Amino acid sequence: MAAKFLTLACIRNESFGGLSPRPHYPSMPKYPKGVSETDKDVEGSEAKAAFSVIGMTCSACAGSVEKAVKRLPGIREAVVDVLNNRAQVMFYPSFVTEETIRETIEDVGFEATLIQDHQTTGKSSQVCRIRINGMTCTSCTSTVESALQALHGVQKAQVALATEEAQVHYESKIISHNQLLEAIEDIGFEAILISTGEDMSKIRLKVDGIGTDNSMRMIENSLRALPGVQDIDIDPTVYKFSLSYKPDMTGPRNFINVIESTGTGRYKATIYPEGGREVHRKEEIKQYYRSFLWSLVFTIPVFLTSMVFMYIPGLKHGLDTKVVNMLSIGEILRWVLSTPVQFIIGRRFYSGSYKALRHGSANMDVLIALGTNAAYFYSVYSVLRAATSQDFKSTDFFETSSMLISFILLGKYLEVLAKGKTSDAIAKLMDLTPDTAILLTLDSEGNMISEEEIDSRLIQKNDVIKILPGAKVASDGFVIWGQSHVNESMITGEARPVAKRKGDTVIGGTVNENGVLHIKATRVGSESALSQIVQLVESAQMAKAPVQKFADRISKYFVPLVIVLSLSTFLAWFLAGKFHGYPKSWIPSSMDSFQLALQFGISVMVIACPCALGLATPTAVMVGTGVGASQGVLIKGGQALESAHKVNCIVFDKTGTLTIGKPVVVNTRLLKNMVLQEFYELVAATEVNSEHPLAKAMVEYAKKFREDEENPTWPEAKDFISITGHGVKGIVRNKKIIVGNKSLMLDQNIVVPADAEDMLAEIEAMAQTGILISIDGEMAGVIAISDPLKPGARDVISILKSMKVKSIMVTGDNWGTANSIAQEVGIETVVAEAKPEQKAERVKNLQASGYVVAMVGDGINDSPALVAADVGMAIGAGTDIAIEAADIVLMKSNLEDVITAIHLSRKTFSRIRLNYIWALGYNLLGIPIAAGALFPSSGFRLPPWIAGAAMAASSVSVVCCSLLLKYYQRPRKLDALEMQGVKVE
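This is a predicted model, so every value here is computed, not measured. (Residues numbered from 1 in each chain as written. Predicted model: local features only at pLDDT ≥ 70, side-chain atom pairs only at ≥ 80, totals over all residues. Heavy atoms only, no water.)

**Notes on the sheet that holds strand β21 (residues 505-506)**
In space, the six strands of this open sheet follow the order β16-β15-β17-β23-β18-β21, with antiparallel pairing throughout. Because the sheet does not close on itself, it has two edges, and the strands there are β16 (448-455) and β21. Here strand β18 (residues 476-481) pairs with strand β23 (residues 517-523) via five bridges, running antiparallel. When the sheet's bridge partners are listed, V479 is paired in β23 with I519. (Pairing = 2+ DSSP bridges. Helix = DSSP H or I, 4+ residues; strand = E, 2+ residues; numbered from the N terminus.)

If you want it as structure tokens, here you go:
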């Protein structure tokens with residue numbers, strides 16, 4: 001189970017600017033065959049060439065080009081950039097030429113041209129993430145997106161309201177990330193850089209003890225002298241050093257040692273504390289909480305003086321005491337108390353409105369500012385007129401403005417509190433990494449010299465780490481000593497602990513159960529599987545679902561429309577009162593017709609809520625993708641969720657998807673008298689030289705006859721030849737051994753007896769593969785190899801039928817095996833002997849027939865179909881390229897997760913629909929009620945402060961509705977399936 005997790009390297013963001021230190025595919029050795037590492041001439045003759053490759057459409061295309069180029073002799077490295085249609089190749093000219101490489105790319109099916117040296121300085125695409133403070137609704141996100149898209153050099157910008165982050169794809173040679181930050185700040189929002197595409201191997205250190213600029217320069221020079229250090233950026237105000245480095249050559253512990261040994265131990269270096277999303281969220285919650293408490297300090301007395309004390313005789317007399325003309329003590333108190341709420345506590349609404357209006361857009365802050373200002377400044381006018389008049393009886397609405405601001409701040413506080421919980425899944429994943437690790441120092445023979453406890457962020461590649469029972473695994477790596485069971489459920493969803501011993505891979509963040517393990521770290525920091533899952537979930541939460549466009553379209557016109565409705569309401573009531581359009585008895589005793597009209601106008605303005613609409617989709621997507629990640633289903637964003645909920649046809653690959661993908665020997669029939677152990681000795685000795693899965697199955701089976709040896713050595717096979725697609729042959733113990741299919745035997749002039757023919761027909765009828773073995777030109781035996789079905793595959797197909805989802809199997813295998821497997825699982829439609837492009841063609845035909853198609857596959861040959869499908873699902877044991885091409889990654893190899901993915905997407909989408917119904921329904925009902933639609937018939941009207949409270953509650957209710965997805969349960973039918981692990985006897 002753990003071994004398959006190496007595939008999660010695919011989730012990383014590939015950097016196409018430089019050459020990847022870790023190739024995707026088994027590539028050429030560093031030096032061509034027959035050349036030693038000490039041959040300096042060859043190393044010096046290394047050349048680099050860039051090619052323009054036309055016709056690539058996806059990462060699968062890039063993968064096929066990369067693979068073909070790397071198979072050429074003398075290729076040092078090859079990286080293919082599908083975004084910019086480029087391939088960059090490092091090679092040895094004495095072994096291969098640029099023209100050969102170009103022809104190889106064209107043989108794969110793409111048009112290739114060599115880019116001359118002056119052109120190779122082309123564009124370098126980067127991705128950066130930016131936190132944006134101050135956004136309140138989808139109108140704000142649209143403004144930021146438009147501003148970023150307008151910049152020269154920006155390819156794509158996505159802004160997410162729920163996470164308050166932007167993800168920008170840009171050309172680093174045309175525009176820098178600092179210019180992106182400036183552009184956001186120019187439109188009135190605070191921008192903080194979270195990460196750039198260059199951060200894959202970057203660390204930030206804080207250095208204490210620096211007294212002068214000379215000290216800083218001395219430290220910088222010492223660090224620059226280290227091999228592998230690529231760039232250093234210094235912030236002298238906080239003594240922060242940001243270092244970019246090559247993890248294969250150096251690491252953070254080396255930097256700290258260099259800093260602390262410079263200047264006779266004066267300096268102390270630590271990892272700079274980063275303010276992540278959670279830190280920012282907590283700070284925002286604190287700010288709203290403080291603002292709300294301060295607003296209460298002033299608003300409660302305003303409320304009491306205007307609504308409670310007026311009914312207590314003694315207090316009423318005191319408050320009504322006149323100070324100047326008709327100006328009373330109560331009015332002065334309310335004015336004094338409401339002013340700080342309006343202008344100091346409520347200044348965020350003014351600044352938000354100014355920023356929005358300055359760029360020709362309007363947001364929620366505009367509505368709040370207009371509503372509260374109308375109430376406040378009318379009250380000021382009323383109070384000033386009372387102070388200058390002998391007979392004017394004033395009525396103020398100071399309580400309206402201050403209570404409105406208080407309720408909106410309470411609503412925002414509850415909203416950010418709830419929004420924080422939507423990203424719990426990421427927080428839980430990030431908490432899996434232990435704080436400390438035990439670092440072992442070994443001598444040249446592998447004996448332990450010492451051990452020390454270090455910060456887990458200081459682990460470097462190839463470090464040896466000790467994992468105690470009950471402790472978390474500190475880094476991705478492999479076991480070099482010890483054996484234990486490791487609980488991987490928090491990463492893969494795998495319920496049972498997985499046995500680990502020497503050579504097995506382990507995943508950072510998992511829990512060691514019983515034994516002590518020594519592991520060698522292979523992937524650290526942002527390269528680790530855990531970091532890549534977090535990155536995938538974060539980028540999924542950034543990606544907008546197409547349904548979000550509906551809210552974006554509404555938000556453009558929402559606020560201006562509400563302002564028009566509010567003014568229309570005010571004018572309608574005012575003019576109706578002026579021209580006696582309604583009875584005077586409708587006007588409350590404490591106000592006149594103008595004040596009544598003003599109250600209705602303000603209520604309309606503050607009850608309308610664009611926030612609820614803007615949060616309807618992103619909060620549900622955030623919770624849905626987070627829940628999926630916790631269940632081992634990685635959904636790559638809103639688009640995948642939206643497509644998955646419509647799926648009504650699933651195309652399954654066979655090998656590794658419906659079957660286990662690990663062939664095993666199920667039967668052996670000898671055709672001559674000999675001991676079975678001797679027979680398998682000869683077969684294993686021949687096949688051990690082959691990489692074919694069937695060969696590995698025979699060698700594994702042969703090991704059973706040598707139970708006393710962990711890694712048995714087989715007799716030498718001389719004159720070994722592998723005949724692609726047919727089999728192998730060689731000489732073992734002076735016997736000529738041929739292992740392969742029927743056509744190989746006939747080619748070698750070996751007679752296949754009728755018995756063997758019958759056995760082959762019988763084997764193929766049972767969906768198995770028959771292998772013939774010849775010894776010294778005589779047929780010796782037949783081996784039946786089967787790739788067993790995954791347990792419960794039939795049940796999964798049955799459940800999909802009950803969900804009204806059609807299942808189809810498309811495979812490259814022969815028709816006999818394909819039909820047999822299909823009958824066994826209950827699939828009626830089968831396509832066999834299909835090449836990769838034919839699989840993709842089949843998917844397109846189904847789409848043309850009106851189906852919404854999901855493709856489930858695990859191999860490189862599935863990636864064109866994964867891309868062509870509406871939803872591509874890569875099963876967890878699959879290859880890097882399949883997972884990159886997919887929209888949904890099933891981290892376990894369990895087919896039941898296909899059902900979980902579709903069921904979860906349907907649940908998430910029904911929640912999005914519910915959010916929209918509520919958000920739209922609230923506005924469609926609330927605005928007419930606030931405008932006084934019920935007032936003529938029932939005398940019911942909404943005071944502005946209650947309208948403001950309703951507006952705040954609508955946003956909170958949408959977020960809470962999305963949060964209910966956290967309690968998602970997969971279909972109960974799946975609990976009955978015992979598919980948590982697959983064991984092959």
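**Comments concerning the environment of K246**
Checked against the element boundaries, K246 lands in the loop between β11 (240-245) and α7 (252-261). As a C-alpha pair, K246 and S201 span 45 residues in sequence and 6.6 Å in three-dimensional space. If near-sequence neighbours (up to four positions away) are discounted, K246 is found in contact with G228 and Q230. (Contact = heavy atoms within 4.5 Å.)

**Observations regarding the packing of aromatic side chains**
By the definition in use, this model includes 26 aromatic pairs. On the numbers, 5.2 Å between centres and 75° between planes, the contact of Y245 with F255 is edge-to-face. Pair noted here: Y245 is in strand β11 and F255 is in helix α7, with a separation of ten residues, a long-range link. Taking relative accessible area as the criterion, F255 reaches 0% and is therefore assigned buried. Seen in terms of ring centroids, W573 and F935 are 5.8 Å apart; in terms of plane orientation they differ by 70°. Their pairing is edge-to-face. Placement of the pair is W573 in helix α17 (residues 548-578) and F935 in helix α32 (residues 935-938), with a sequence separation of 362 residues. For the pair shown, W573 and F935 are each scored as buried. (Phe/Tyr/Trp six-rings, centres within 6.5 Å; stacked < 30°, edge-to-face > 60°. Buried < 20%, exposed > 50% of the residue type's maximum accessible area, 1.4 Å probe, protein only.)

**A few points about a nonpolar patch on the surface**
On the surface, V323, V324, I329 and L333 cluster together into a nonpolar patch covering about 300 Å² of accessible area. For the nonpolar patch, the secondary-structure elements that each account for two or more residues are β13 (322-324) and α10 (329-345). By the element assignment, L333 lies in helix α10. According to the relative accessible area criterion, L333 is partly exposed, its value standing at 38%. (Patch = residues over 30% accessible without salt bridge, like charges linked within 9 Å, V, L, I, M, F, W, Y side chains within 5 Å. Areas by Shrake-Rupley, 256 points an atom, 1.4 Å probe, with all protein chains shown as cover. Salt bridge = Lys/Arg side-chain N within 4 Å of Asp/Glu carboxyl O.)

**Remarks on helix α19 (residues 610-630)**
Its 21 residues give α19 an end-to-end C-alpha distance of 31 Å, which sits within 8% of 30 Å, the value for a rise of 1.5 Å per residue. Helix geometry: α19 is bent most strongly at A616, by close to 35°, with proline P618 lying one to four residues after it. The buried count for α19 comes to 20 of 21 residues, which makes it a mostly enclosed element. Once α19 finishes, G632 follows within two positions and takes phi at roughly 80°, a positive value. (Expected span 1.5 Å × (residues − 1). Bend = angle between axes of the 7 residues up to and from the residue.)

**Things to note about a negative patch on the surface**
Negative charge collects at one region of the surface, where E182, E185, D186 and E190 lie side by side. Ranked by the residues each element gives to the negative patch, the list is headed by helix α5 (residues 177-186), at three residues. Along the polypeptide, E190 turns up in strand β8 (residues 190-195). Taking the relative accessible area as the measure of exposure, E190 reaches 44% and is therefore partly exposed. (Lys, Arg positive; Asp, Glu negative; His and termini not counted. Charge placed at Lys NZ, Arg CZ, Asp CG, Glu CD.)

**Focus: the side chain of N512**
The topology assignment puts N512 in strand β22 (residues 511-512). A distance of 3.2 Å separates the side chain of N512 from the backbone oxygen of I467, its partner in a polar contact. (Polar contact = N/O pair within 3.5 Å; in protein donor to acceptor, adjacent residues only side chain to side chain.)

**A short note on the sheet that holds strand β10 (residues 229-235)**
Strand pairing in a sheet takes place through backbone hydrogen bonds and is either antiparallel or parallel in direction. Taken in spatial order, the four strands line up as β10-β11-β9-β12 in an open sheet, and their pairing is antiparallel. One side of each edge strand has no neighbouring strand; the edge strands of this open sheet are β10 and β12 (268-271). Averaged over all pairs of adjacent strands, the angle between strand axes in this sheet comes to 30°, irrespective of strand direction. Bridge count for strand β9 (residues 202-208) against β11 is five bridges, and the pairing is antiparallel. Paired with R204 across the two strands is S242, which belongs to β11. Against the sheet, α7 engages β9, β10, β11 and β12, with an angle of about 25° to β9. (Axes fitted to C-alpha atoms, helices over the stretch in contact; angles between N-to-C directions.)

**Structural notes on the pairing of strand β17 (residues 464-467)**
Side chains V464 and K466 project from β17 onto one buried face, and the interleaved I465 and I467 project onto a second face that is buried too. As defined by bridge partners, strand β15 (residues 436-442) adjoins β17 across three bridges and the pair is classed as antiparallel. Following the sheet pairing, L439 is matched in β17 by I465. Pairing analysis gives four bridges linking β17 to β23, with the strands arranged antiparallel. What sits directly across from K466, in β23, is H518.

**Observations regarding the packing of α17 against helix α18 (residues 593-607)**
Running from N to C, α17 and α18 cross one another at 160°; their axes reach a closest spacing of 8 Å. The pairing of α17 with α18 is recorded here as roughly antiparallel in orientation. Between α17 and α18 lies a crossing whose hand is right-handed. Residues V562, L565, S566, T569, F570, W573, F574 and G577 of α17 touch α18, and the partners they reach there are S593, F594, A597, L598, F600, G601, I602, V604 and M605. The residue makeup of the contact of α17 with α18, split by class, is twelve nonpolar, five polar and no charged. (Parallel < 35°, antiparallel > 145°, perpendicular 65-115°, else oblique. Left-handed = near helix turned anticlockwise from the far one by under 90°. Nonpolar A, V, L, I, M, F, W, Y, C, P; charged D, E, K, R; others polar.)

**A word on the pattern of salt bridges**
All chains considered together, the criterion is met by 26 salt bridges. For E77, the salt bridge identified is with K70, shortest N-O distance 3.4 Å. In terms of burial, E77 and K70 fall into one category: buried. One salt-bridge network, in which partners are shared between bridges, spans E66, K70 and E77.

**Considerations on the side chain of Q167**
Inspection of the secondary structure assignment puts Q167 in strand β7 (residues 165-171). Assessed through its relative accessible area of 11%, Q167 is described here as buried. With sequence-adjacent residues up to four places away left out, Q167 is seen in contact with V127, C128, R129, K156, A157, Q158, S539 and M542.

**Section: helix α28 (residues 836-848)**
Think of an α-helix as 3.6 residues a turn; residues three or four steps apart then line up on the same face. Compared with the 18 Å implied by 1.5 Å per residue over 13 residues, the 19 Å span of α28 between its first and last C-alpha is a close match. Considered for burial, the residues of α28 that qualify are K839, A840, V843 and L846. Along α28, the residues classed as buried sweep out an arc of 115° about the axis, all on the same side. Next to the buried residues of α28 lie β25 (649-652), β32 (806-810), β34 (853-857) and α29 (863-868). G850 occupies a position one or two residues after α28 and carries a positive phi of about 100°. (Arc of directions from axis to C-beta.)

**Considerations on the confidence of the model for the protein**
Overall, the prediction assigns the protein a mean pLDDT of 81, with 89% of residues at 70 or greater. Considering only residues more than four positions removed or in separate chains, one finds that residues 1-44, a stretch of pLDDT under 50, has 103 contacts. Across residues 978-985, confidence stays below pLDDT 50; counting only partners more than four residues off in sequence or on other chains, it has 22 contacts. (pLDDT = per-residue confidence, 0-100.)

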